[in-house]
Amino acid sequence: MLDNENSLNAEFYSLSISVERKHQVKSFKEDTPVPKFYTSFVYHLDYTMERNSKDGVKYEKLCYSGQRCQKIPEALIKLYGAKTQSLDLSYNELISLRGLEGFPLLKELILDNNELSDSLVLPYLPHLNLLSLNKNKIFDIECLITKIQHNLPSLNYLSLLGNKACPNELADAENDEEDYQRYRYFVLYHLPNLKFLDSTKVRESERCEAKRRGKFMRVIRPVPTEEDDDESDTPWDSRFSPLPKTIRSLGDQRGSMRKCKKVYHGKHSEGNRFISNQDL
């Protein structure tokens, strides 16, 4: 459908497809008429072909965003994988990139706002120049860097905003500029060919600093354990009250203890009793 004579000779070609599929389900009861139930779903994609005016080379883009899919549909791989150079799969629910190896010519890959985690598998994509993974669930920056080093040799643009691996305010309000700069030095040390990191151009001075000490700039994050969760959920025992606010030094504390001892051993109309903070 896309390989007709007009589309091959055009400078710009765009196609939007909305497909509705119906699945027929039949009842298996033998004694009753066979009713038919239909379930349907709709998917939408945009396919664009642009021809470079200088050398006439085609640049083909595929957008399949906002479809709530958890994996890359096989139909997209079969129909467009061999010729697509820019793929946008943002605003889905992707938990896997299985099938991405079916797009060998990719130069741009946009995966923003998905459910991708540290377990994601990046296939070998020798031409990939841009990778956007904003707002996913990536925690381990070292693990991701290792995958990029092995499988994305041409990468120049990388964005990880909104992931725990990227320690800026979008990921955690407790992060500050120093945390983020340390992260940039660390990433640039291991990926020196990057020109842009998180939508910010890499400065030459920053690149030199990363080369000098970026190896030691890894941001260490404590990994939460089940024991930590149990301790945080332990309720406060109200039988034990804190020291009164008036006690500020060790001497004050000893003085209060002497007072308590005096009342305990002396004669008191109410007899011996526990001295509470209010009594002090």
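Along every chain, residues carry numbers that run from 1 in the direction the sequence is written. Per-residue local features are limited, in this predicted model, to residues with pLDDT of at least 70; the limit for side-chain atom pairs, both in listing and counting, is 80 or more; totals at the level of whole chains, interfaces and linings are taken over all residues. Neither water nor hydrogens contribute to the side-chain values; these are computed over all heavy atoms in the structure.

Enquirer: I tried to follow the overall build of the protein chain on my own but got confused; where do I start?
Expert: The way it works is that DSSP assigns letters per residue, a run of H or I at least four long becomes a helix, a run of E at least two long becomes a strand, and they are numbered from the N terminus. A count of helical and extended segments in the protein chain gives seven helices and nine strands. Counting the 280 residues in the protein chain, one finds 32% classified as buried. Intrachain contacts of the protein chain at a sequence separation of at least 6 include 46% that bridge at least 24 residues. Method for areas: the Shrake-Rupley scheme with a 1.4 Å probe, in which residue coverage is limited to the protein chains shown. Taken as a whole, the protein chain presents about 19,100 Å² of accessible surface, with 52% of it coming from carbon and sulfur. Remark: exposure states derive from per-residue accessible area (1.4 Å probe, protein chains only) relative to the maximum for the residue type, with buried under 20%, exposed over 50%, and partly exposed in between. Residue contacts are counted whenever heavy atoms from the two residues lie within 4.5 Å of one another.

Enquirer: What is the right way to read the side chain of K147 from this model?
Expert: Of note, K147 is situated in helix α3 (residues 141–151). Despite its burial, K147 pairs with no opposite charge, the nearest such side chain being D118 at 6.5 Å. Residues adjacent in sequence count toward polar contacts only when both atoms are side-chain atoms; beyond that, a polar contact is any pair of N or O atoms within 3.5 Å, and within protein one must be able to donate a hydrogen and the other to accept it. Engagement of the side chain of K147 in a polar contact is seen with the backbone oxygen of D118, the distance being 2.6 Å. Excluding residues within four positions of it along the chain, K147 makes contact with D118, S119, L120, L122 and L152. The charge count treats Lys and Arg as positive and Asp and Glu as negative. His and the chain ends do not count. Any carboxyl oxygen of Asp or Glu that lies within 4 Å of a side-chain nitrogen of Lys or Arg is treated as forming a salt bridge with it.

Enquirer: Would you mind going over the packing of helix α4 (residues 177–190) against helix α5 (residues 204–213) with me for this structure?
Expert: The axes of two packed helices give the description: the angle between them and the distance between them. Axis lines are fitted to C-alpha atoms, over the contacting stretch for helices. Their N-to-C directions set the angle, which ranges from 0 to 180 degrees. Viewed as axis vectors pointing N to C, α4 and α5 meet at an angle of 80 degrees, and their least axial separation amounts to 8 Å. Taken together, the axes of α4 and α5 are roughly perpendicular relative to one another. The residues of α5 that touch α4, namely those facing Q181, R184, Y185, L188 and Y189, are E206, E209, A210, K211 and R213. Residue classes follow a fixed rule: Ala, Val, Leu, Ile, Met, Phe, Trp, Tyr, Cys and Pro count as nonpolar, while Asp, Glu, Lys and Arg count as charged, and any other residue, Gly among them, counts as polar. The residue makeup of the contact of α4 with α5, split by class, is four nonpolar, one polar and five charged. By definition in this entry, angles of less than 35 degrees are roughly parallel, angles greater than 145 are roughly antiparallel, angles of 65 to 115 are roughly perpendicular, and the rest are oblique.

Enquirer: What's the story with unusual backbone geometry in this structure? I'm lost.
Expert: Across the chain, the bulk of peptide bonds are trans and the bulk of non-glycine residues have phi less than zero. One non-glycine residue, Y91, adopts positive backbone phi at about 55 degrees. Within the secondary structure, Y91 sits in the loop between β4 (86–88) and β5 (108–110). We classify Y91 as exposed; its relative accessible area is 54%.

Enquirer: Would you mind going over the nonpolar core with me for this structure?
Expert: Definition of nonpolar core: a set of buried residues of the types Ala, Val, Leu, Ile, Met, Phe, Trp, Tyr and Cys, connected through side-chain atoms within 4.5 Å. By size, the foremost hydrophobic cluster in this structure holds 47 residues, and its most contacted members are L100, L111, L131 and L158. Mapped onto this core, the elements with two or more residues apiece are β2 (36–51), α2 (74–80), α3 and α4. Apart from the residues within four sequence positions on either side, L158 is in contact with L131, I148, L191, L194, F196, L197 and D198.

Read these as spatial facts, not as claims about activity.
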